[in-house]
Amino acid sequence: RPAAGAPPAPGRRAARLRAAPRAAPHLRPRAPLPQLHPPPPPRLLLRPLPLPPPPAPPMLPTAAHTAFLANSLLLAHLPSAPPLYSLLFLASPPLLRPNEFTYPALLRASPPRTALALATHSLKFLGAGAASSDRVLGSALLDAFARCGRIASCRRVFDRIAEPDLPAWNALLTAYARRARDSSCAGEAAEILELFARMVSSTVPPNEITLVAVVGACGELGALGHGLWAHAYALKRRLTVNCYVATALVEMYTRCGKMDLAEQVFAGVTDMDTCCYNAMLQGLAFHGHGRVALTLFDRMCAEGFPVDSVTVLAVMCACAHAGLVDEGQWLFDRMEIQFGVTPRIEHYGCMVDILGRAGHLDVAEKLIRGMDITPNAAMYRSLIRACGIHGKLEIGERMIQELMRLEPEHSGNYVLLSNFYARMKLWEDAKKARKEMKAMGIDKSPGSSLLDINGVLHEFLMGDKTHPASREIYAMIQEIQARLKECGHRPSTTAVMFNVEEEDKVGALSYHSERLAIAFALIASSPGAPIRIIKNLRVCSDCHESTKLVSRVYGREIIMRDRTRFHHFRDGHCSCGDFW
């Protein structure tokens, strides 16, 4: 028995383990695993899935296709969708029938001629009253007819819309504005102001596009009061005066004779561009401020704004109205080399006008005959007028031959011939030209003048007696003649294009449209208020001289816009310096 505290004696198992060391676990033999059946293969291997069917071949649209799918297909193919439109809707027999969603996007994405054809188709398929029930379609139709100059169709569509929205109003106003700008028609511009008054009285608020159309109409009519109201309305309604609105305002104020307001708007433009500079340069040219226009042109170039063909033409016109022959010739010679602007027929015509106004008729004729571009009729007319003013019969007759060879049936050419021969006092030739006019059914456009008195436009024609105040007007003319005679004024009867007695010529001069307008303004306007007149023809020399005297005798500033430029009469002087 072991003593207390001693370790226990090893047993027989322990002794055996010590005698034979134990093998490592990974070296011990293992019992064989029982044999199992292999797992079954996946079902995909037992039963293969059928292959997807091949895609069906593309099919042409049939009656089962809806108009919605066809419209979506058209939208996906814009702007080259018209051929697809013809396939879907104009086949024989048609596969589908269009609806009100087919046309709006298609009309706006198509060129004018295609848009006009589509608009006609829409009225055929949908009926004339479709635009009244769908505003989007109505606005699209208005825009299409407006781009094609179809004012009557545009107005018919607009009148069918029960409650026109802003796009409809803007489309109609823009259509009238485009027509007024292209044709210089006072009726279209007056219609814009009437439509704008209707729009303001409705619940549709104008936006910047509306303002551009309205102020353009005010400039065309010379309606300064309406233009000021439209500008104030835009500021009160917090409309954005961006570069487009600012350009329209500059054009309006320059065409209304308010160069100070035009300069104020121009100075406040934050996003200036070339178009805005062009508007200001054209206004300076229209008012005869040639030196100022050249200074502004230098500033434009220094500030890095690109010069385009309109810029060069505006500066050349400013040189023409101010008699700056050398400056205009320099710009014409350098426009392609320095500014990268290729001379167009308008630039050649303006250069001919510069030379013709200054009396360099031989140089102007040489320029016409040496041009790389074929001269147009406007250049010949310009030089013929200059020959009439400077008394150059031979050059004038050569230009008349070229003009009649180019446009033998143009009505205005016979009026020009009659006036030219009358200036030369070749009464038989003038009479012959008038007989040819009569045989062709041509009538000379009568002189007319527009006058704005307290926001109301008054129109006068030569010898007009239809005005309600005709008796007072003709009495005032007699008073004006008497006062001018006291100042030593003698009428210049060379402006009368008829072979009549001298006394009859004086009587004809007294009733020119601008004289009727001045007489009425002296009666109806406030004492000291400026008189603003817009004339459709070039002011004659005698009316120019008499208006200078009226401004001094009656103490009035008279701003007259004729077909070519502005005349500011003040204290017996004119801003043109008798060069127009």
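Procedures and definitions
- Residues numbered from 1 in each chain as written.
- Predicted model: local features only at pLDDT ≥ 70, side-chain atom pairs only at ≥ 80, totals over all residues.
- Heavy atoms only, no water.
- Helix = DSSP H or I, 4+ residues; strand = E, 2+ residues; numbered from the N terminus.
- Buried < 20%, exposed > 50% of the residue type's maximum accessible area, 1.4 Å probe, protein only.
- Contact = heavy atoms within 4.5 Å.
- Areas by Shrake-Rupley, 256 points an atom, 1.4 Å probe, with all protein chains shown as cover.
- Axes fitted to C-alpha atoms, helices over the stretch in contact; angles between N-to-C directions.
- Parallel < 35°, antiparallel > 145°, perpendicular 65-115°, else oblique.
- Left-handed = near helix turned anticlockwise from the far one by under 90°.
- Nonpolar A, V, L, I, M, F, W, Y, C, P; charged D, E, K, R; others polar.
- Pairing = 2+ DSSP bridges.
- Patch = residues over 30% accessible without salt bridge, like charges linked within 9 Å, V, L, I, M, F, W, Y side chains within 5 Å.
- Salt bridge = Lys/Arg side-chain N within 4 Å of Asp/Glu carboxyl O.
- Lys, Arg positive; Asp, Glu negative; His and termini not counted.
- Charge placed at Lys NZ, Arg CZ, Asp CG, Glu CD.
- Expected span 1.5 Å × (residues − 1).
- UniProt positions renumbered as here; feature names shortened; annotations may be inferred.
- pLDDT = per-residue confidence, 0-100.

Here's the deal with the overall build of the protein chain
- Scanning the protein chain for helices and strands turns up 29 helices and six strands.
- A burial count over the protein chain gives 45% of its 580 residues as buried.
- Considering only contacts within the protein chain whose residues lie at least 6 apart along the sequence, 64% involve residues at least 24 apart.
- A total accessible area of about 31800 Å² is found for the protein chain, and carbon and sulfur atoms account for 57% of it.

Here's the deal with the packing of helix α14 (residues 243-255) against helix α15 (residues 259-267)
- Where α14 meets α15, the closest approach of the two axes is 7 Å, and the angle between their N-to-C directions is 165°. Judged by the inter-axis angle, α14 sits roughly antiparallel to α15. Relative to α15, α14 is oriented so that their crossing is left-handed. Contacts between α14 and α15 involve Ala246, Leu249, Val250, Tyr253 and Thr254 from the former and Met259, Leu261, Ala262, Val265 and Phe266 from the latter.
- By residue class, the composition of the contact of α14 with α15 is nine nonpolar, one polar and no charged.

Regarding the pairing of strand β2 (residues 456-461)
- For strand β1 (residues 448-453) and β2, the ladder comprises six bridges, and the chain directions are antiparallel. Bridging across to β2, Ser448 finds its partner in Leu461.
- Counting the residues between successive antiparallel strands, the hairpin from β1 to β2 contains two residues, one of them, Asn454, with a positive phi of roughly 55°.

Digging into a negative patch on the surface
- On the surface, a cluster of negative charge is made up of Glu394, Glu397, Glu428 and Asp429.
- Elements represented by at least two residues in the negative patch include exactly α23 (393-406) and α25 (427-439).
- Relative to the assigned elements, Glu397 resides in helix α23.
- Residue classification places Glu397 among the partly exposed positions, given a relative accessible area of 30%.

Focus on helix α22 (residues 377-390)
- In this model, α22 (14 residues) spans 20 Å end to end at C-alpha, consistent with the 20 Å of a helix rising 1.5 Å per residue.
- In terms of burial, α22 is largely enclosed, as ten of its 14 residues are buried.
- Regarding α22, the residues found buried are Ala377, Met379, Tyr380, Arg381, Ser382, Leu383, Ile384, Ala386, Cys387 and Gly388.
- Buried residues belonging to α22 abut α20 (345-357), α21 (361-369), α23 and α24 (411-423).
- Note on α22: the residue one or two positions beyond its end, Gly391, has a positive phi of about 70°.

Focus on the UniProt feature "repeat: PPR" (unreviewed entry) in the protein chain
- With numbering aligned to this structure, UniProt lists the feature "repeat: PPR" (unreviewed entry) at residues 273-307.
- Taken end to end, residues 273-307 comprises 74% helix and 0% strand; its first and last C-alpha atoms sit 10 Å apart.

Quick notes on the side chain of Thr547
- Its location among the elements puts Thr547 in helix α29 (residues 541-553).
- Each residue touching Thr547, except ones within four places of it in the same chain, is listed here: Ile518, Ile558, Met560 and Phe569.

Here we look at the pairing of strand β5 (residues 566-570)
- For β5, the buried fraction is high: four of the five residues fall into the buried class.
- Of the pairings in the sheet, the one linking strand β4 (residues 558-561) to β5 comprises four bridges and is antiparallel in character. Following the sheet pairing, Ile559 is matched in β5 by His568.
- Turn length for the β4-β5 hairpin, with the two strands adjacent in sequence and antiparallel, is four residues.
- Bridge analysis of β5 against strand β6 (residues 573-574) gives two bridges, and the strand direction is antiparallel. Note that in β6 the partner of Arg570 across the bridge is His573.
- Hairpin connection, β5 to β6: the antiparallel pair is bridged by two residues, and Asp571 has positive phi, about 55°.

What to know about α23
- Across its 14 residues, α23 extends 20 Å between first and last C-alpha, which sits within 8% of the 20 Å expected from 1.5 Å per residue.
- Every buried residue belonging to α23 is among Ile395, Gly396, Met399, Ile400, Glu402, Leu403 and Met404, and all of these are buried.
- If you follow the buried residues of α23, they end up packed against α21, α22 and α24.

Regarding unusual backbone geometry
- At Arg238, a position not held by glycine, the phi torsion is positive, near 60°.
- Following the sequence through the fold, Arg238 ends up in the loop between α13 (224-236) and α14.
- Owing to a relative accessible area of 76%, Arg238 belongs among the exposed residues under this scheme.
- The phi dihedral of Asp571 falls on the positive side, at around 55°, and the residue is not glycine.
- Residue placement: Asp571 occurs in the loop between β5 and β6.

Here we look at the confidence of the model for the protein chain
- Scored by pLDDT, the protein chain comes out at a mean of 82, with 83% of its residues at no less than 70.
- Mean pLDDT across the secondary structure elements of the protein chain bottoms out at helix α2 (residues 43-46), with 47, and peaks at helix α17 (residues 290-302), with 95.
- Residue range residues 495-507 is modelled with pLDDT below 50. Its contacts to residues more than four positions away, or to other chains, number 21 contacts.

Looking at the packing of α23 against α24
- With their axes 12 Å apart at the nearest point, α23 and α24 run at an angle of 170° to one another. The orientation of α23 relative to α24 falls into the category roughly antiparallel. Viewed along their axes, α23 and α24 form a crossing whose handedness is left-handed. Residues Leu393, Gly396, Glu397, Ile400, Leu403 and Met404 of α23 pack against Asn413, Tyr414, Leu416, Leu417, Phe420 and Tyr421 of α24.
- Across the contact of α23 with α24, the residue classes tally to nine nonpolar, two polar and one charged.

Remarks on the pattern of salt bridges
- Tallied over the full model, the rule gives 19 salt bridges.
- Across the pair Glu514 and Lys535 runs a salt bridge whose closest N-O atoms are separated by 2.8 Å. Here the residue Glu514 occupies a position in helix α28 (residues 513-524), and Lys535 occupies one in strand β3 (residues 531-535), the gap between them amounting to 21 residues. For the residue pair Glu514 and Lys535, the accessibility class agrees, reading buried in each case.
- The network of salt bridges with shared partners includes Glu365, Arg369, Arg398, Glu402 and Arg405.

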